[in-house]
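Structural overview for review
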Amino acid sequence: MNRIVGTSVERVEDRALLRGQACFVDDISFPGLLHAAFVRSAEAHALIRTVDISAALDVPGVRAIWRMEDIAHHLSDPLLKVALPSPAFRQELHRPTLSDQEVVHVGEAIAVVIADSRYIAEDAAALVMVDYEPLPAVSDCKAALEADAPRAHSSQPHNLVAEFTMGYGDHETVFASAPHVFHEELWQHRGVAHSMECRGVVARHDRLEDIITLWSSTQTPHACKRVICDVLGLDEDKLRVVTPDVGGGFGPKLVFYPEEVILALAARELRAPVKWIEDRREHFVSTTQERDQLWDMQIAVDNDGKILGLRGLLVHDHGAYTARGVNVPYGSAAAITLPYIVPCFFLDIKLAVTNKVPVTPIRGAGQPQAVFAMERLMDRVARELKLTTDEVRRRNLVPPELIPYTTPLKTRGGMQVVLDSGDYPATQAAALEKADWAGFRARQAAARKEGRYLGIGLANYVEGTGRGPFEPVSVRIGENGRIHVASGAAAMGQSTKTMLAQVVAEQLGCDMSNITVVTGDTAAIDYGMGGFNSRQAVMAGASAHAAAKKVRAKALTVAAHMLDVGEQALEVEGRHVRLKGNDERKVGLGEIARALAGLPGYYVPGGLDPGLEATERVIINDMTYANGTAVVEVEVDPETGLVQLTHVTFAHDCGNVLNPQIVEGQIIGGMAHGIGNALYEWMGFDENAQPVTTTLAEYLLVSATEMPMKVDIVHLTSPTPLNELGIKGVGESGVIPMTAAVAAAVDDALAPFNVKITRVPITPPDLVSLIEKAAAP
Amino acid sequence: MSEPMREIEVTVNGKLHRASVPVRMTLSDCLRHEFGLTGTHVGCEHGVCGACTVLFDGHSARSCLMLAVQANGHEIETIEGLESAKGELSHLQAALRDHHGLQCGFCTPGMLTTLTELLRDNPSPTDSDVRIAISGNLCRCTGYEGIVAAALDAAQRIKDAGSRA
Ligand code: FES
Ligand code: FES
């Protein structure tokens, strides 16, 4: 029935990007533009004795150097209080706008230099002399919770920033009587999001109107505006935040950063536009990170491998400050059981503060770690009970007849977790079939005869998507017939504008070229949550659909008047409403818009509200749960520890698909990120919490040569009942099961060496040492 | 300390640009901020990501690792110069669009220049030729599959049309 929705239409973003005509934040320029560079802590933990700016001030071309003492009088609060509320917090660790007393991680901002050029600003920043009194630092989250650990913040009595538990059922009794209990300690290492574009901010103050415009490569422009207004005490009509083209987000750009408020202030105080563009080294130390978690888990099963209970401890590295909340470990804890029937569950969750870059969600947001933990446990059960790894899962997956399945879990907002749609066993079966799982043992045996080690592994995931409560969209048709769409959603490369245009075009003439989409501009729409949690197609898509339908209904009513026919006889085609199939009798959308703009002294046609427009904020509180299965086949070289991905099969169900090409692109991109987490990406800190990987030569991102030799994607389609379009989020799915599936495949390949992967990334040296250890008597 | 400057003349996409630039200014900054050609992107400024890749006298080069003064008297081609005079996308640009070889598009300028060079020098690349060619170009969005497919398809389109990338 649909003509545009569900097809791989050409993206509206592409033309400008392919011609070098897009506008990213660093492409914005103004006459008289000044440039900012930040002085950042070189110490992981230290008291600041003095910050001497005298030499730096002497550099020609320097316009200002600010420390906290220089800007404090402008700020309603020196601290950035942006944490999502939670009763789990034991400590309040807000980031200062600029640090002036104690620094708690390498990279936190101490001062800003503003100068005529970036080169001069960086020269001067290097001349700012910070006198530190070093303090002991803590870099490991497990060690941080020990009684005698150094305190990450000297003001605090311990390093437990937050703790909570999650669960249901009586685990004591279940575990005491279970036929089998297995224990695993599992660890996932920290990674960096590494959008190819770093962060950046440009601010300009219009003196005539006393309005600050701030362009930021943020995923959450409306939230950014709110924080700046609060901190600088601005009325909301005095600040506009705009997200220009964004070169990837992947999570950290949803966080508010000190640079944003400082740039807004600088533009106003220095009466000049100011730009700050983060460089890659800064990205390594000042943009939030994620993933270090330690899972100390037990699983109880019966003799058939059916899960009786799951319990354990999750230690989450929170980093040095609270830049978002407890949402990452919450998301981990809430995700771990989802694919399976788990009759009882208890998880003790401890958030450790360390002297490392603060932790906030990165693509997957805690869920990859949870899936790693759960799937490693499932593989352990299979091994112990001599079941195949697919069979043990089949016996435990939530069966389709129980869907919608109300789990005993709640989301962080207190809503019940209901698995709304999907067929998990069918998804696994589809993946296995496409991967030729049945034929693998023969392949493996044949390869082994040649001295090659092949392995296969699988992992299931269920992902909460479409975080509510809403994302507004307005649809307005101008008097020339052009359709204008504005949304609080934020585009960061995931085709958001195309998605919105498709949904609107479906209702309003199917002409993509007649639609202009504005995202991420606080002047274009009043509210907005922004881009995170695989939510925009679901939430903004639902609002766009509702708004477009309203506008369509209005257009048909007016056109029926104008053409003097019944509404049912009409359709919207291209830029007109016409008699169905008859291009002779039609009226332009622009004419209808003009009629609805009203004439002094005349009725508005059809007795309608004026304006051919509608704004919708469709509320969907419940998250919709997407699911999938990854099967990974590898070849491992036991001599060198090299792991080659020979085939990755990804079967998934994100409900109805708005644009197949975009969905596949999201999955494969996420998959690449997950492969990085599994094999390459290691954000190193030494024992003093000094970062040791601060270039892309040291921190390895997956390149084209490390991608699997073959990728297959299988789509299953179980529309969710929670939104009219029947869609679920997909932006993060690709990353979620990858570490688990790769680890399982490596285990399998190295079964003759008795290697068991319990941590990722699996680097070649680690693998070789595991093989050697296993070989040693 | 005043900034030592030099006059340079650089031909970019067939057009002569003159500027007085600080001797330490990188070529990427010069292209982007002196000449206003912001299609070339800067993703790392230390020579690893490849986003800043331009064609320097026909050879792919990282403009973040070169100084503007080194370009004096040379010819450079950037993403802005790839479409035809009539404003038609090159085969490679069109193939990248058709195969969803870009999402955020930040890596795209480097992918386009690197692959333009590849297709010129190797009109019939294999999948692995393409992967090796772009192994110095990082993309965080696409997982590369669409880019590789686009390059292979572009090679075919070029052959079919008997023209250049
Ligand atoms: S910016 Fe030049 S290689 Fe990354
Ligand atoms: S498309 Fe975003 S980095 Fe390649």
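Residues numbered from 1 in each chain as written. Chains lettered and ligands numbered in written order. Predicted model: local features only at pLDDT ≥ 70, side-chain atom pairs only at ≥ 80, totals over all residues. Heavy atoms only, no water.

1. Notes on unusual backbone geometry
Residues and elements named next belong to chain A.
- Of note, the amide linkage connecting G468 to P469 takes the cis form, showing an omega dihedral of 5 degrees.
- If you trace the backbone, P469 turns up in the loop between β22 (453-465) and β23 (473-477).
- Although it is not a glycine, C510 sits at a positive phi angle of roughly 60 degrees.
- Topologically, C510 is positioned in the loop between α15 (496-507) and β25 (515-519).
- A positive phi angle, near 60 degrees, is found at D564, a position not held by glycine. (Helix = DSSP H or I, 4+ residues; strand = E, 2+ residues; numbered from the N terminus.)

2. Things to note about the interface of chain A and chain B
- Opposite the 54 residues of chain A that make contact, chain B presents 47 residues.
- Buried surface at the junction of chain A and chain B, both sides included, amounts to about 4100 Å², of which 57% is carbon and sulfur.
- Area buried by chain A at its contact with chain B is led by L18(A), Y119(A) and M196(A), which between them contribute 20% of it.
- Between chain A and chain B we count six salt bridges in total. (Contact = heavy atoms within 4.5 Å. Buried area = accessible area lost by both parts, 1.4 Å probe. Salt bridge = Lys/Arg side-chain N within 4 Å of Asp/Glu carboxyl O.)

3. Some thoughts on the environment of S163(B)
Residues and elements named next belong to chain B.
- Looking at where S163 falls in the secondary structure, it is placed in the segment after α5 (145-161).
- Taking the C-alpha atoms as reference points, S163 and E34, 129 residues apart in sequence, are found 33 Å from one another.
- Leave out the neighbours within four places in its chain, and S163 touches H91 and I158.

4. A closer look at the domain arrangement of chain A
Residues and elements named next belong to chain A.
- Here chain A is described as being made up of domain 1 (289-409 + 417-466 + 623-775) and domain 2 (468-616).
- A straight line from the C-alpha centre of domain 1 to that of domain 2 covers 41 Å.
- Each partner contributes residues to the interface: domain 1 has 20 residues there, and domain 2 has 18 residues.
- With both sides pooled, the region where domain 1 packs onto domain 2 buries about 1300 Å², and carbon together with sulfur makes up 56% of that total.
- Of all residues in domain 1, G466, L658 and L725 give up the largest surface area on contact with domain 2, accounting jointly for 36% of the area buried on that side.
- Applying the counting criterion to the domain 1 and domain 2 interface returns one salt bridge.
- Of the charged contacts, one joins K549 and E724 as a salt bridge, the two residues approaching to 2.5 Å between their closest N and O atoms.
- Our count for the domain 1 to domain 2 interface comes out at five residue pairs in polar contact (both at pLDDT 80 or more). (Domains from an automatic or database assignment. Polar contact = N/O pair within 3.5 Å; in protein donor to acceptor, adjacent residues only side chain to side chain.)

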